[in-house]
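A structural walkthrough
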Amino acid sequence: MARGLGELESTIMDHLWATKQPASVRDVLEHLRRERPLAYTTVMTVMDKLHTKGLLKREAVGRAYIYEAVSSKEAYTAEMMRESLARSGNRAATLVHFLERLTPEEAGALEAALRVYPPKGHAS
């Protein structure tokens, strides 16, 4: 499902993740125009591509679509991390390199996450 996102795709997804509510192309366009000029058709095309990639679901309302994120930003990011790990070739070495580069805050977040959701086979 997960694929890397372009700049405008990321901006649109960030907006939809932040608002946590369905939005039309016009709604998203109005938000984005606060930062930069964009054409309606540009935003419509990008949102259609995000739908094709499986990141947005949509429902026809009248003559327009209402779009909504399929999953949370955290779930999307986790999927990207999982896919990157799967492509790495040597998962153990990749994880070691990842762990070596964690900041103290990131290490604390990882420890907290493992307390909430222990790895399979390691649950107490």
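Coordinates for the structure precede this section.
In short, a report on the structure. (Residues numbered from 1 in each chain as written. Predicted model: local features only at pLDDT ≥ 70, side-chain atom pairs only at ≥ 80, totals over all residues. Heavy atoms only, no water.)

Attention shifts here to the sheet that holds strand S3 (residues 64-69). A sheet is described by the order of its strands in space; here three strands give the open sequence S1-S3-S2, paired in antiparallel fashion. Unpaired on one side and paired on the other, strand S1 (23-24) and strand S2 (56-61) mark the two borders of the sheet. Bridge analysis of S2 against S3 gives six bridges, and the strand direction is antiparallel. The residue bridging Leu-56 from the neighbouring strand is Ala-69, located in S3. Set on the sheet, helix H1 (residues 7-19) makes contact with S1, S2 and S3; between it and S3 the angle comes to about 75°. (Pairing = 2+ DSSP bridges. Helix = DSSP H or I, 4+ residues; strand = E, 2+ residues; numbered from the N terminus. Contact = heavy atoms within 4.5 Å. Axes fitted to C-alpha atoms, helices over the stretch in contact; angles between N-to-C directions.)

Geometry of a packed helix pair, given as the angle between the helix axes and the separation of the axes. Their axes nearest at 9 Å, the elements helix H2 (residues 25-32) and helix H3 (residues 40-52) cross at an angle of 120°. The element H2 and its partner H3 pack so that their crossing is right-handed. Between H2, through Val-25, Arg-26, Val-28, Leu-29 and Leu-32, and H3, the contact on the second element is made entirely by Tyr-40, Val-43, Met-44 and Met-47. (Left-handed = near helix turned anticlockwise from the far one by under 90°.)

Along the chain, Asp-48 falls in helix H3. Beyond its immediate chain neighbours, meaning those up to four positions away, Asp-48 contacts Arg-58 and Tyr-67.

The two faces of the sheet receive side chains in turn, since in a regular strand these alternate between them. In this sheet, S3 lies alongside S1 in antiparallel orientation, the contact comprising two bridges. Paired with Ala-23 across the strands is Tyr-67, a residue of S3.

To continue, consider the pattern of salt bridges. Inspection of every chain in the model, using the stated rule, returns six salt bridges. Among the salt bridges present, the one from Arg-101 reaches Glu-100, with a minimum N-O distance of 3.7 Å. Comparing Arg-101 with Glu-100, the two get one shared label, exposed. (Salt bridge = Lys/Arg side-chain N within 4 Å of Asp/Glu carboxyl O. Buried < 20%, exposed > 50% of the residue type's maximum accessible area, 1.4 Å probe, protein only.)

Right, let's get into the packing of H1 against H3. Two elements in contact, H1 and H3, have axes whose closest approach is 10 Å; the angle formed by their N-to-C orientations is 80°. With respect to each other, H1 and H3 are oriented roughly perpendicular. Along its contact with H1, which presents Leu-8, Glu-9, Ile-12, Met-13 and Leu-16, the element H3 presents Thr-42, Val-43, Val-46, Met-47, Lys-49 and Leu-50. Class assignment of the residues belonging to the contact of H1 with H3 gives a composition of eight nonpolar, one polar and two charged. (Parallel < 35°, antiparallel > 145°, perpendicular 65-115°, else oblique. Nonpolar A, V, L, I, M, F, W, Y, C, P; charged D, E, K, R; others polar.)

Looking now at the nonpolar core. Of all hydrophobic cores here, the largest spans 20 residues; its most connected members are Ile-12, Val-28, Val-43, Met-47 and Leu-56. Residue assignment for this core shows that the elements contributing at least two residues are H1, H2, H3 and S3. In terms of residue count, the dominant contributor to this core is H1 (five residues). Leave out the neighbours within four places in its chain, and Val-43 touches Ile-12, Val-25, Val-28, Leu-29, Leu-32 and Leu-38. (Core = buried A, V, L, I, M, F, W, Y, C linked by side-chain atoms within 4.5 Å.)

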